[in-house]
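Single-letter residue listing:
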Amino acid sequence: MFRAFWPFALALCAASATAGEVTSFDLKNGLKVVVIEDHRAPVVTQMVWYKAGSADEKPGVSGIAHFLEHLMFKGTDTVAPGDFSKIVEANGGSDNAFTSSDYTGYFQRIAADRLEMVMKMEADRMRNLKLSEDDWKTELQVIIEERNQRTDSDPGAIFSEQRRAAQFLNHPYGTPIIGWRHEMEGLTRQDALDWYRTYYAPNDAVLVIAGDVMPDKVKALAETYYGPLAPSDGIGERKRPQEPAQLSERRMSFKDPRVAQPYVTRSYIAPERDASDQKKAAALTILAAALGGSSQTSILSKALQFDQKIALYAYAGYDGTSYDDTTFDLAVAPAPGVSLADAEKAMDAVLADVMKNGIPAEQFARIKTQIRAENIYAEDSVASLARRYGEALTTGLTIADVQEWPAVLDAVTQEDVLAAAAEVLDRRRAVTGWMMPEGATDNTTELMQ
Amino acid sequence: MIRAIFAAAFAVAAAFPAQAAVQIQELTSPGGIRAWLVEEHSLPFTALEIRFEGGTSLDAPGKRGATLLMTSLLEEGAGKMSSQDFATAREGLAADLSFDATDDAVTVSAQMLTENRDQVVALLKSALTEPRFDQDAIDRVRAQIESIIRQDETDPSAIAGQSFDQLAFGDHPYGSSKYGTLDSLAALTRDDMIAAKAATMSREHISVAAVGDIDAATLGKLIDDLLGSLPAKGAAMPPHATLGLTGGVTVTDFDSPQSVVSFGQAGIKRDDPDFFAAYVLNHILGGDGFSARLMDEVREKRGLTYGIGSYLVPMNLAETWQGSFSSANEKVAEAIAVTRKVWADVAANGVTDKELEAAKTYLTGSFPLRFDGNGRIAGILVGMMAEGLPASYVNDRNGYVEAVTLEDVKRVAQRLMTPDALRFVVVGKPVGLATTN
């Protein structure tokens, strides 16, 4: 079996770990701290997560959350521009950062006895960033090259960006994280500083320390270095413009000479995990696993690749860890000689069958078994556990939600899955996309008749 | 091993762990197969890594793509099980089994829970010893690989990589894609799968490592049960490649806002006495992170790219020193000029004492951080075995890095770096660049 086809950048995050010692406390200035112990190796990961992502940007400055992420390496009064990573590296560690729609995160992985040093440096740049004229202008060129490389050189990424814009008419999830090119080109130092001063503060952040550490020691260090930082007074209720009810199916097609393998995608608006209300998201997680979780036995793969032999790949994915409503995604790459129209019809027929007859009982049981095993395998990577907590705590969930998630998944019934499928798999609330090589016949309207 | 623990503890006190916190047991199974083991009983599962040296370079003449197709078919039906049966069984046991083929090896990675380990081993054994290679599975997986070949034809990064390999390695297997061509793939038969398996999966060039909830005696029996019935010998290894790289620029026209660049020159053998000096040198030139010379000059100072790196590529049958980046079409000529200049400067002048010290602290400090999960440790061990390194290497390796002097780096830079012989393969619509000879 060959796995090389993911038109969505979403992976199935099946379960969370419940073992592993997790401790949490809050500092007086609002910083939430989570400590995850793993004493197998003398290594520690520090992650600082800000509850500020691209969906929190004001209109007109798309990309500013990600631009600031780059600029956070440009120095403070005590650390020269570019030296942050050099100091971490010179101590044998590695570091990087990431931006999503809902959060921005920074991390270092380093020998456990170097924790104090990286906590001091990370706390320093939370409030004391300095930006010189030269530095921000050069970095603007870097993020435009990043957009060139990641989006504009990749027809799959371009189409994904277009589909997402069509999916969210009013919610900022429709704006790409890296930003629209014309708005990126106009970003300024002041835009970056406005964003930084509003959101980069202890009362908008979550600190996760994972690895060979003791909670009392982490608490003492956190109070020393993060404790004195002033909270921001710019943190209000986190409320973004919400989507109007979608009443009409949206369809789009995209042609590009660089496309060699056509495919059809479908994404439905879907609810996300909510604090102490994760049941529907759990049912959708199981539904995605049943439809596309295995490249051989999942329902779409078996029907389209094995039985009907009309597809090369079939995919289903859902990641409920999101602050606002998210999407449930499907994709099918047809076999040579099979049209996108036929591939889409076959996909819809499979969905109709699942909604009527449910998931085969044996398959349902296997998915549950795998989810339980995943809890054991997940313990093997403390850095992944750290990401799991950071992501949850910056998307409206609590530590209890993370720890209850495996049990919520385990409790999902066939009826729950059918109810969730009936609610979500409605083409009137979906975007369907056809990806085609240049010169292909666009008969996308044929299906509507 | 008590002494090793004390040494590690001392190192922690002095700076940070200079040694990896793993205790490797070297064992030979009753049936004579060598394996390395790290016991880790805190989680109830075991990671198992198996590596067969040779890989896709053992494709028979005219059968390019056979090894990769064969490897992809190992999980598509075995013994009495169809593809669906096999996957169903694996999922019911919640085991991870994966099979892959690279230029140099066929690899098998497995993760299995302690509670059903015997059943997982039986399933894996079936895949390794009695794969069915059913015609419908061959046709289905072949169509998937054909799709990848067609996608690679319109992917600038894949075009650049394949163009570089062709220039560097010519008719040697390294010079062409391991997927094969549409024509070579179309001609492959079930007999070719059987032949490819016999050529690439034998006990002759095998490395085995396990990390997790298992002891040496149990592992020994497991290995004999799993691998004992494989043939004793496989195909002969192909010859060493003759490097055909010359200095210059090769442009492939491709309509895109950005040009993708692969570049490189001759490298150094893994067992060369100067390897560690070259390794440290490359880290300073274009290694991980943001402090390397190339990253600093091309990205940090000029904003010409999102990322640039260089890497020594000591493969079984060839040694190269390669790098890659992407730049806007209008900027790529400048980015190449800066890269050449950095290369020439380091070749002529070496590096600074400060750079050398920073590189050594990074390389020695980051080494133990790699050993942070059962699967990752098993992967490292099997790689060491394949390279012929002793188990003690995990404790000695940082000493080799520490021993590199400024003079060593300068001497190796002068010996190896040939700025005039750097070949840049450019795929895009570069402004002000044309193919040279």
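Residues numbered from 1 in each chain as written. Chains lettered and ligands numbered in written order. Predicted model: local features only at pLDDT ≥ 70, side-chain atom pairs only at ≥ 80, totals over all residues.

Q: Tell me about the overall build of chain B, and name the residues and values.
A: Counting secondary structure elements, chain B contains 16 helices and 13 strands. Relative to the compact-globule value of 22 Å for 437 residues, chain B shows a C-alpha radius of gyration of 23 Å, a close match. Oriented by its inertia axes, the alpha-carbon framework of chain B measures out at about 60 × 60 × 35 Å. Within chain B, the proportion of its 437 residues that are buried is 52%. In chain B, 82% of the contacts between residues at least 6 apart in sequence involve partners at least 24 apart. (Helix = DSSP H or I, 4+ residues; strand = E, 2+ residues; numbered from the N terminus. Rg over C-alpha atoms; globule rule 2.2 N^0.38 Å. Buried ≥ 20, exposed ≤ 12 C-beta atoms within 10 Å, placed from the backbone. Contact = placed C-beta atoms within 7 Å.)

Q: Explain the domain arrangement of chain B to me, and be specific about the residues and the numbers.
A: All names here are of chain B. One can read the domain layout of chain B as domain 1 (2-227) and domain 2 (248-428). Just the C-alpha atoms count here: the centres of domain 1 and domain 2 sit 27 Å apart. Each partner contributes residues to the interface: domain 1 has 40 residues there, and domain 2 has 35 residues. Mapped onto the side of domain 1 that touches domain 2, the elements with two or more residues apiece are strand S2 (34-39), strand S3 (45-53), strand S7 (105-113), helix H6 (156-169) and strand S8 (206-212). Considering every element that reaches the side of domain 1 that touches domain 2, the biggest residue donor is H6, with ten residues. (Domains from an automatic or database assignment.)

Q: How would you summarise the sheet that holds strand S3 (residues 43-50) of chain A if you had to cite specific residues and measurements?
A: Residues and elements named next belong to chain A. Pairing is mixed across the open sheet formed by six strands, whose spatial order is S1-S2-S6-S3-S5-S4. Each edge of the sheet is formed by a strand with only one pairing partner; in this case those strands are strand S1 (22-26) and strand S4 (94-99). Strand-to-strand twist across the sheet, computed as the mean angle between neighbouring axes with direction ignored, equals 15°. Where S3 and strand S5 (residues 104-111) come together, eight bridges link them in antiparallel fashion. Paired with Tyr50 across the two strands is Thr104, which belongs to S5. Helix H1 (residues 64-71) contacts S4 and S5 of the sheet and is inclined by roughly 165° relative to S4. (Pairing = 2+ DSSP bridges. Axes fitted to C-alpha atoms, helices over the stretch in contact; angles between N-to-C directions.)

Q: Would you mind going over the interface of chain B and chain A in detail, with residue names and values included?
A: Chain B puts 61 residues into the contact, and the matching count from chain A is 53 residues. Its residues placed into classes, the side of chain B that touches chain A shows 23 nonpolar, 26 polar and twelve charged. (Nonpolar A, V, L, I, M, F, W, Y, C, P; charged D, E, K, R; others polar.)

Q: If you had to explain the confidence of the model for chain A to someone new, which residues and values would you point to?
A: Residues and elements named next belong to chain A. Residue-level pLDDT values for chain A average 92, and 94% of them are 70 or greater. Low pLDDT, under 50, characterises residues 1-19; the stretch is placed with 61 contacts to residues that sit more than four places away or in other chains. The model gives residues 444-449 a pLDDT under 50, and that stretch makes six contacts with residues more than four places away or in other chains. (pLDDT = per-residue confidence, 0-100.)

Q: Could you give me a rundown of the pairing of S3 of chain B, with the residues and numbers involved?
A: All names here are of chain B. Of all nine residues making up S3, nine are buried, and the element is well covered by its neighbours. Neither face of S3 is exposed, since Phe45, Ala47, Glu49, Arg51 and Glu53 on one face and Thr46, Leu48, Ile50 and Phe52 on the opposite face are all buried. Relative to S7, S3 runs antiparallel, the two sharing nine bridges. Along S7, the bridge assignment pairs Ala47 with Gln111. Pairing of S3 with S8 involves seven bridges; the strand directions are antiparallel. Note on S8: the bridge partner recorded for Thr46 is Gly212.

Q: Tell me about the confidence of the model for chain B, and please be specific about residues and values.
A: Residue and element names in this part refer to chain B. Per-residue confidence for chain B gives a mean pLDDT of 93; residues scoring 70 or more make up 95%. Across residues 1-18, where pLDDT falls below 50, the model places 22 contacts with residues more than four positions away in sequence or in other chains. Prediction confidence for the complex, expressed as pTM and ipTM, is 0.91 and 0.87 respectively.

Q: Tell me what's going on with the environment of Ile36 of chain A, and back it up with residues and numbers.
A: Inspection of the secondary structure assignment puts Ile36 of chain A in strand S2 (residues 32-37). Sequence separation between Ile36 of chain A and Ala421 of chain A is 385 residues; the distance between their C-alpha atoms is 35 Å.

Q: So what's going on with the packing of H1 of chain A against helix H4 (residues 133-152) of chain A? Residues and values would help.
A: Residues and elements named next belong to chain A. Remark: H1 packs on H4, axes separated minimally by 10 Å, with the N-to-C direction vectors making an angle of 120°. Relative to H4, the element H1 is oriented oblique. As H1 packs across H4, the resulting crossing turns out to be right-handed. Two secondary-structure elements touch here, H1 through His66, Phe67, His70 and Leu71 and H4 through Trp136, Glu139, Val142 and Ile143. Of the residues assigned to the contact of H1 with H4, the class counts are five nonpolar, two polar and one charged. (Parallel < 35°, antiparallel > 145°, perpendicular 65-115°, else oblique. Left-handed = near helix turned anticlockwise from the far one by under 90°.)

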